[in-house]
Protein chains: 2
Amino acid sequence: MPKASCAVRGTFFDFVDDPWHHAGNEQAAARFLADGLLVVKDGVIADFGPFADVSPRHPGLDITHLPDRIILPGFIDGHIHFPQVRVLGAYGNQLLDWLQTWIFGEELKYRDRDYARKAAGLFFDALLAGGTTTCLAFTTSSPVSTEEFFEEATRREMRVIAGLTGIDRFAPADFCITPDDFYKESKRLIEKYHRRGRNLYAITPRFAVGCTGEMMDSCRRLKEEHADCWVNTHISENPSEVRTAKDHFPDCSDYTEVHEKHGLLGPKFTAGHGIWLSNGEMRRFSKAGAAIAFCPLSNLFLGSGLFRLGRAKDPEYPVRVAVGSDVGGGNAFSLVRVLEEAYKVGMCNNTMLDGSIDPRNQDLGEADRNKLSPYRAFYLATLGGAQALYLDDMLGNFEPGKEADFVALDWKAGQLAMAWHQTLAVEEGGPETIEQAAQLLFGIMAAGDDRNVDETWVAGARAYKKGHDKA
Amino acid sequence: MPKASCAVRGTFFDFVDDPWHHAGNEQAAARFLADGLLVVKDGVIADFGPFADVSPRHPGLDITHLPDRIILPGFIDGHIHFPQVRVLGAYGNQLLDWLQTWIFGEELKYRDRDYARKAAGLFFDALLAGGTTTCLAFTTSSPVSTEEFFEEATRREMRVIAGLTGIDRFAPADFCITPDDFYKESKRLIEKYHRRGRNLYAITPRFAVGCTGEMMDSCRRLKEEHADCWVNTHISENPSEVRTAKDHFPDCSDYTEVHEKHGLLGPKFTAGHGIWLSNGEMRRFSKAGAAIAFCPLSNLFLGSGLFRLGRAKDPEYPVRVAVGSDVGGGNAFSLVRVLEEAYKVGMCNNTMLDGSIDPRNQDLGEADRNKLSPYRAFYLATLGGAQALYLDDMLGNFEPGKEADFVALDWKAGQLAMAWHQTLAVEEGGPETIEQAAQLLFGIMAAGDDRNVDETWVAGARAYKKGHDKA
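Residues numbered from 1 in each chain as written. Chains lettered and ligands numbered in written order. Predicted model: local features only at pLDDT ≥ 70, side-chain atom pairs only at ≥ 80, totals over all residues. Heavy atoms only, no water.

- Under an unreviewed UniProt entry, the name given to chain A is Guanine deaminase, and the source organism is Solidesulfovibrio carbinoliphilus subsp. oakridgensis.
- Here chain A is described in UniProt, under the heading Function (unreviewed entry), as follows: "Catalyzes the hydrolytic deamination of guanine, producing xanthine and ammonia." (UniProt positions renumbered as here; feature names shortened; annotations may be inferred.)

### Describing the relation of the copies chain B and chain A
No. 1: Its rotation angle being 180 degrees, the transformation that places chain B on chain A also includes 0.0 Å of axial translation and leaves an RMSD of 0.0 Å. These values place the two chain copies in the arrangement generated by a two-fold rotation axis.
No. 2: Interface overlap between copies is the fraction of interface residues in one copy that are interface residues in the other; for chain B against chain A it reaches 100%, indicating a shared surface. (Least-squares fit on C-alpha atoms with pLDDT ≥ 70 in both. Contact = heavy atoms within 4.5 Å.)

### Comments concerning the domain arrangement of chain A
Residue and element names in this part refer to chain A.
No. 1: Taken as a whole, chain A is organised into domain 1 (6-74 + 397-465) and domain 2 (75-388).
No. 2: The distance between the C-alpha centroids of domain 1 and domain 2 comes to 28 Å.
No. 3: Facing 38 residues of domain 1, the contacting portion of domain 2 comprises 35 residues.
No. 4: Both faces considered, domain 1 and domain 2 share a buried interface measuring about 3,000 Å² in area, 70% of it formed by carbon and sulfur atoms.
No. 5: Its largest share of buried area at the contact with domain 2, domain 1 owes to Phe15, Trp20 and Met445, together 27% of the area lost on that side. (Domains from an automatic or database assignment. Buried area = accessible area lost by both parts, 1.4 Å probe.)

### Focus: the pattern of salt bridges
Residue and element names in this part refer to chain A.
No. 1: Here the structure, examined in full by the defined rule, presents 90 salt bridges over all chains.
No. 2: The salt bridge involving Asp18 is made with Lys313; its shortest N-O contact spans 2.8 Å. With Asp18 in the loop between strand 1 (6-15) and strand 2 (30-41) and Lys313 in the loop between helix 11 (309-312) and strand 13 (320-323), this pair connects stretches of sequence that are 295 residues apart.
No. 3: According to the relative accessible area criterion, Asp18 is buried, its value standing at 7%.
No. 4: Exposure remark for Lys313: the relative accessible area of 9% places this residue in the buried category.
No. 5: Between Arg195 and Asp228 there is a salt bridge; the shortest N-O distance is 2.6 Å. (Salt bridge = Lys/Arg side-chain N within 4 Å of Asp/Glu carboxyl O. Helix = DSSP H or I, 4+ residues; strand = E, 2+ residues; numbered from the N terminus. Buried < 20%, exposed > 50% of the residue type's maximum accessible area, 1.4 Å probe, protein only.)

Given below as structure tokens:
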């Protein structure tokens, strides 16, 4: 398929480093161009910089101007369930009951190719409407859903990671897949999709509570035979789940060891949630180069708990962290909403950590790291997510050579009070300094939602424009 | 001013009792009319019931049909700050720092009449866009802001409660008001506004941390001299605030006693938050007939903590509970968003109370009461709020004789995934049973926002229509 070329002029904001490495001077990790130009050839960034510098190098360009917007790299959703698009925000109990009541029944429908295909269209529409251009997704235990996911992503030329999702216990019999079938089907799907177009494959044991030792062995074998593949799973989302995992794997001292023992914990391994990981488990994640997908919308909606972001960002043992919507445990596709809730989780954590409740719990360093500034937040949704998922050689910022996925944010859109609120940062016109841009971005994450996503571009072509979507 | 008359046909949903009194059979507290008719004369409900019954009683009516909507009583916001409309969702620290950094400076601007008048217009626009028709509001320590608030409410014929907001310590000198000036200005404003049109007056000590004993004495005197007035304040929002209140009132054994000692705790007394109230304090609230405004958006945004809803709804000692946006600590005007966060707070509380973490904390009764079904949620936003604020003789449901404020909800609007999600409840057309309607309402609170408010009516006249607002 021929890839798109374009040149886009506007106000750009991206990251060149982790803002947590620059506490007190976070803007050093970011890059702001009040008037920039992004030149894309065949879906890849060919040039980027101030308009006045870049423009003369490319005479005769057909330039698309996006005024009154802040253009960021496309958002990366590090944890989402494709077959839960319809059941997002379902009324229920905590995790394990919620799965049984709402989720497994809905996911069973994805054995039907027509249903899965229709859902895939809606799923990717919803992602793009939220500014998300890349995701790490669960499918179901039926290969049909995995196929339809990759087929739709291929049609849209989106960079995605997904895989057949293995579960062989703790689910209805017709929802389970045997470890042997899982191995065979996964191999077939890896051959068919991995590194075809922009598709990447993740070996996907759903979660240890739903996997026997044999299923985990199948995953180990797949990873040994396809070392280039990603691994995607869940870990330590809910206290009852943690206890059940221990019951299921009595020879493992903790939940993390289940993955270590089966050769999975390492680079390109991502586990959703990690709320109840011990400090020691977090250190092992850090040393292994494994990542956690922090899913605050879901964690609050299911009452799972508060992820210790400031602990994960411990400078001695930093864990790679992405953010995820976790639709349908998460009740919105919008990563703007995810960042809002991530901010809240940090603030709630800090009521403990600032010593307000119990002075013995005071840890001002961790409390500071919990605080989600706009720099930290939008880093997590872009370059940080790319680094967590080992995609930063391909995307995550506007470096030439990277893939040209980006989102144009309208800082005034959303609830009625938004426009006046944002005049606190910029009275008229657009941001002229990085501080102003960061304040507008905080306004978006604090008081905004998907309405702030005005357009979304994939591989150099406009894939979504607000008001012109199908819904 | 002549009041409006109208007749509205559509699908109606309201409450006749508290759903917590009907655990396991909550629909007994609600009323659902798939095809109903509401007849309004001079701003007051004259008749209400099934269309087939009511319509023949009123020949020749000019009927407005609102198809594909669920019509509820107007939402009641039990805790909101008028002068914080512009600073909603400000980046910051916990409560006390946040007040000093962002809030007092903004509120000072409301001494300027032009600024306050412009803000009042935006404030009420934003309320109506969220479906809110009644609020209990803080103003500032400047009478100008209180006047402009009531003048704008009068122009819109909205039922509101507010009052000059007293603070004489813990704020910049020019923001404070002396207890004597507060007393005199409050009296003047009570004479001018209380029970004029739909305005009601609340004697408003901002919070005990910001009030000397003399200021609290002024409040006691005002309440003694104007027993018909409401009282509005804050309590136990944040652990540091609780400690400071104890330091400021060393002769009181707890925060609640500050209000008891000054003759304020009783009917028509409402305090925002109450997160850190002890069980004993909650019982004293219950016995006194005092109310708490639960503000989950704000409580999460400022990291204040998790309100123990299930404890407040203890059947032996039930506390009156309203919900509040607490804009600007709350980051949205939409009560739909407030209910979403209230659900999350209940779910997070229950990770403790179901014994998942510590079996000694298990309290399944309280855990059940924490769980915010759509019945409980929309009760809190309508009749429950009216009962908490002692307004249920005037409004809160569709009983004839009550004031005709209502909101028409579009259950398919909002994020792109919403429409398909809602087909889980109703495949096509509108709800035919109360269970279907409740499921659609849960869909709105779980995955929706202000976009689900299609129109808002005040005193029998349309005051807001989505897509035709000024913003």
